[in-house]
Amino acid sequence: MLGLAGCTSPEYHRLMARTIAPASDAQIAGEHRIFLATTRAKSDQDGLVFSGDRTLDPYFAFVDVTVPKVHEAGNIERAVNPVVADPARYFTARRLGIFRSRDDYRDELAREIRQRGGRAMVFVHGYNTAFDDAVYRMTQVAHDSGYPGAVVLFTWPSAGRVVDYLYDQNSAMASRDALEDMLRLVAEAGAERIDLIAHSMGSLVTMEALRQLAMSNDADLNGRLADVILASPDIDADVFKTQKRRLGSSRTNFVVLASRNDRALGFASFLSGSRERVGAILNAEELAEYGVTVVDVTALSAADSLNHTKFAENPVLVKLLGVTLTREDTIVNDRTLSNQLSSITGSIGQTVGNAAGIIITTPFRVFELAL
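A brief look at the structure comes next.

What counts and how
- Residues numbered from 1 in each chain as written.
- Predicted model: local features only at pLDDT ≥ 70, side-chain atom pairs only at ≥ 80, totals over all residues.
- Heavy atoms only, no water.
- Helix = DSSP H or I, 4+ residues; strand = E, 2+ residues; numbered from the N terminus.
- Buried < 20%, exposed > 50% of the residue type's maximum accessible area, 1.4 Å probe, protein only.
- Contact = heavy atoms within 4.5 Å.
- Core = buried A, V, L, I, M, F, W, Y, C linked by side-chain atoms within 4.5 Å.
- 1 Å grid on protein atoms, 1.4 Å probe; cavity = no way out; pocket = protein on both sides within 12 Å on 5 of 7 lines; lining within 4 Å.
- Points joined across faces, edges and corners; volume = space filled by probe spheres on them.
- Nonpolar A, V, L, I, M, F, W, Y, C, P; charged D, E, K, R; others polar.
- Phe/Tyr/Trp six-rings, centres within 6.5 Å; stacked < 30°, edge-to-face > 60°.
- Expected span 1.5 Å × (residues − 1).
- Arc of directions from axis to C-beta.
- Axes fitted to C-alpha atoms, helices over the stretch in contact; angles between N-to-C directions.
- Parallel < 35°, antiparallel > 145°, perpendicular 65-115°, else oblique.
- Left-handed = near helix turned anticlockwise from the far one by under 90°.

### A closer look at the overall build of the protein chain
Part 1 of the reasoning: Within the protein chain, the regular secondary structure consists of 12 helices and 13 strands.
Part 2 of the reasoning: Within the protein chain, buried positions represent 56% of all 371 residues.
Part 3 of the reasoning: The long-range fraction of contacts in the protein chain, counting pairs at least 24 apart against all pairs at least 6 apart in sequence, stands at 78%.

### A short note on the nonpolar core
Part 1 of the reasoning: Formed by 57 residues in total, the largest nonpolar core has its most connected members in Leu109, Val186 and Leu210.
Part 2 of the reasoning: If we ignore the near neighbours within four places in the chain, the residues touching leucine 210 are Leu183, Leu196, Ala219, Leu225, Val228, Leu247 and Phe254.
Part 3 of the reasoning: Residues Val49, Ala93, Val135 and Val295 belong to the second largest nonpolar core, which totals 42 residues.

### Thoughts on empty space enclosed by the protein
The method is simple in principle: a probe with the dimensions of a water molecule rolls over the atoms, and the space it marks as empty is what remains.
Part 1 of the reasoning: Across all of its chains, the model carries four cavities of 30 Å³ or more by this definition.
Part 2 of the reasoning: As a volume, the largest cavity reaches approximately 60 Å³.
Part 3 of the reasoning: Around the largest cavity, the lining residues are Ala237, Lys241, Glu276, Val278, Ile281, Leu282, Asn283, Glu286 and Leu287.
Part 4 of the reasoning: Elements represented by at least two residues in the lining of the largest cavity include exactly α7 (237-247) and α9 (284-288).
Part 5 of the reasoning: Among the residues making up the lining of the largest cavity, the classes are represented as five nonpolar, one polar and three charged.

### Considering the environment of serine 171
Part 1 of the reasoning: On the secondary structure map, serine 171 appears in helix α4 (residues 165-174).
Part 2 of the reasoning: Judged by relative accessible area, serine 171 falls into the buried class, the value being 0%.
Part 3 of the reasoning: When the C-alpha atoms of serine 171 and tryptophan 156 are compared, they prove to be 6.9 Å apart, with 15 residues separating the residues in sequence.
Part 4 of the reasoning: Aside from chain neighbours lying at most four places away, what touches serine 171 is Arg54, Trp156 and Pro157.

### Details of the packing of aromatic side chains
Part 1 of the reasoning: Scanning the model with the defined rule gives 10 aromatic pairs in all.
Part 2 of the reasoning: Between the aromatic rings of phenylalanine 50 and phenylalanine 131, the centroid separation amounts to 5.2 Å while the plane-to-plane angle is 75 degrees, which identifies the pairing as edge-to-face. Taken together, the residues span a long stretch of sequence, with phenylalanine 50 in strand β3 (residues 50-68) and phenylalanine 131 in helix α3 (residues 131-145) at a distance of 81 residues.
Part 3 of the reasoning: A relative accessible area of 3% places phenylalanine 50 in the buried class.
Part 4 of the reasoning: For the pair phenylalanine 60 and tyrosine 105, a centre-to-centre distance of 4.8 Å together with 40 degrees between the ring planes defines the contact as tilted. With phenylalanine 60 in strand β3 and tyrosine 105 in helix α2 (residues 102-115), this pair connects stretches of sequence that are 45 residues apart.
Part 5 of the reasoning: Here phenylalanine 60 falls in the buried class, since its relative accessible area comes to 9%.
Part 6 of the reasoning: Here the aromatic cluster, defined as three or more aromatic residues joined through ring pairs, consists of Phe35, Phe60, Phe62, Phe99 and Tyr105.

### Considerations on the environment of threonine 326
Part 1 of the reasoning: Locating threonine 326 in the fold gives a position in helix α11 (residues 315-326).
Part 2 of the reasoning: A sequence separation of 131 residues divides threonine 326 from aspartate 195, and the C-alpha atoms of the two residues are 9.7 Å apart.
Part 3 of the reasoning: Discounting chain neighbours no more than four positions away, the residues touching threonine 326 are Arg119, Ser145, Gly146, Tyr147 and Pro148.

### Focus: α2
Part 1 of the reasoning: The end-to-end C-alpha distance of α2 is 20 Å, a good match for the 20 Å that 14 residues give at a rise of 1.5 Å each.
Part 2 of the reasoning: Within α2 the residues assigned to the buried category are Tyr105, Leu109, Ala110, Glu112 and Ile113. Projected down its long axis, α2 shows its buried positions confined to an angular sector of 165 degrees, all on one face. In α2, the exposed positions angled more than 90 degrees off the buried face are occupied by Arg114 and Gln115.
Part 3 of the reasoning: Backbone geometry just after α2 places glycine 117 at a positive phi near 80 degrees.

### Some points on helix α6 (residues 202-215)
Part 1 of the reasoning: Taking 1.5 Å per residue as the helical rise, α6 with its 14 residues ought to reach 20 Å, and the 20 Å between its terminal C-alpha atoms agrees with that figure.
Part 2 of the reasoning: Looking at α6, one finds that the buried residues are Gly202, Ser203, Leu204, Val205, Thr206, Met207, Glu208, Ala209, Leu210, Gln212, Leu213 and Ala214.
Part 3 of the reasoning: Downstream of α6 by one or two residues, asparagine 217 has phi in the positive range, about 60 degrees.

### Here we look at unusual backbone geometry
Part 1 of the reasoning: Of note, asparagine 128 is a non-glycine position whose phi angle comes to about 60 degrees, a positive value.
Part 2 of the reasoning: With respect to the secondary-structure elements, asparagine 128 resides in the loop between β6 (119-124) and α3.
Part 3 of the reasoning: Its identity is not glycine, yet serine 232 carries a phi of approximately 50 degrees, on the positive side.
Part 4 of the reasoning: Here serine 232 lies in the loop between β9 (225-231) and α7.

### So, the packing of α2 against helix α5 (residues 176-188)
When two helices pack together, their arrangement is captured by the angle between the axes and the distance separating the axes.
Part 1 of the reasoning: In contact at an axis separation of 9 Å, α2 and α5 are set at 50 degrees when each is read in the N-to-C sense. Judged by the inter-axis angle, α2 sits oblique to α5. For α2 against α5, the interelement crossing comes out right-handed. Together, Arg102, Tyr105, Arg106, Leu109 and Ile113 of α2 and Asp181, Leu185, Val186 and Glu188 of α5 make up the contact between the two elements.
Part 2 of the reasoning: A breakdown of the residues in the contact of α2 with α5 according to their chemical character gives five nonpolar, no polar and four charged.

Structural data, given as structure tokens:
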């Protein structure tokens, strides 16, 4: 891994190409405006925009990304040569702008939220994620899930290298205040419903930001925070329990997508003194006692050999994510959850070729879904 980490071309993580090939509307599946806030420093390399270095004063920006018609759910079609973009074949960042102030960002985001029915989804990426990787993953999740609201990315300064686990962990913790502020900003912009998705180490900074909101008696953003989905969360289990206790009871639905064969979390556990990670699902029933719904996706596969990005790469989970985020109800109890899961099972079953199983442990009971 050390050898591979040093072989990456400086152009590999370029987001903004020097030239963009022409493409017809028929060759484009969709275009998404991604609003973003970042604690990354600006990059001095052409086209990278933001680096893995830290800044204390966050930047606010937007980026428009197209998805090609040839796109397959769960994939991110990346250009072999990012210097030249081809929207007909690859995800392409067409334009990017940096706002002069937080207020300008809020006003533009408010217009987007109004146009999209008062809803917003916030995504927080995980460890070993460069800026371009975060933008493309956000685009893919928004596109494949069919999310109807405004899309907001919070990108913290991950170094984007396997060998920088501790640097990334410290960067995540240093970004707590900025994420807390951004969540308040989304609420200020008029979002009536906010859905929050965090992956891997992004779950740590997410739970810390929510903990800070709870300490100011605003744990659910005045009732606006609907869903918190933690995908493969890289959090020490005992730390998570203390965080959840601080949050107390609210109308927010907490969902953990976890897998016993997540090799990346096994690596994180090793680095952390063999401490249990929440995403490794060693005790789903215990987590459920803290008001968390645990979705065991061990049986599902993904293109990722580490089984760490199933939430976005497996068509079943992308569909599950979409159904969860696009529902209208915000209160989950035993009856509404049963109806929702029945609907999910029927709709997912039509999109999956091979049989798979999902075990869902809720604060109410355990469901086994055969797909």
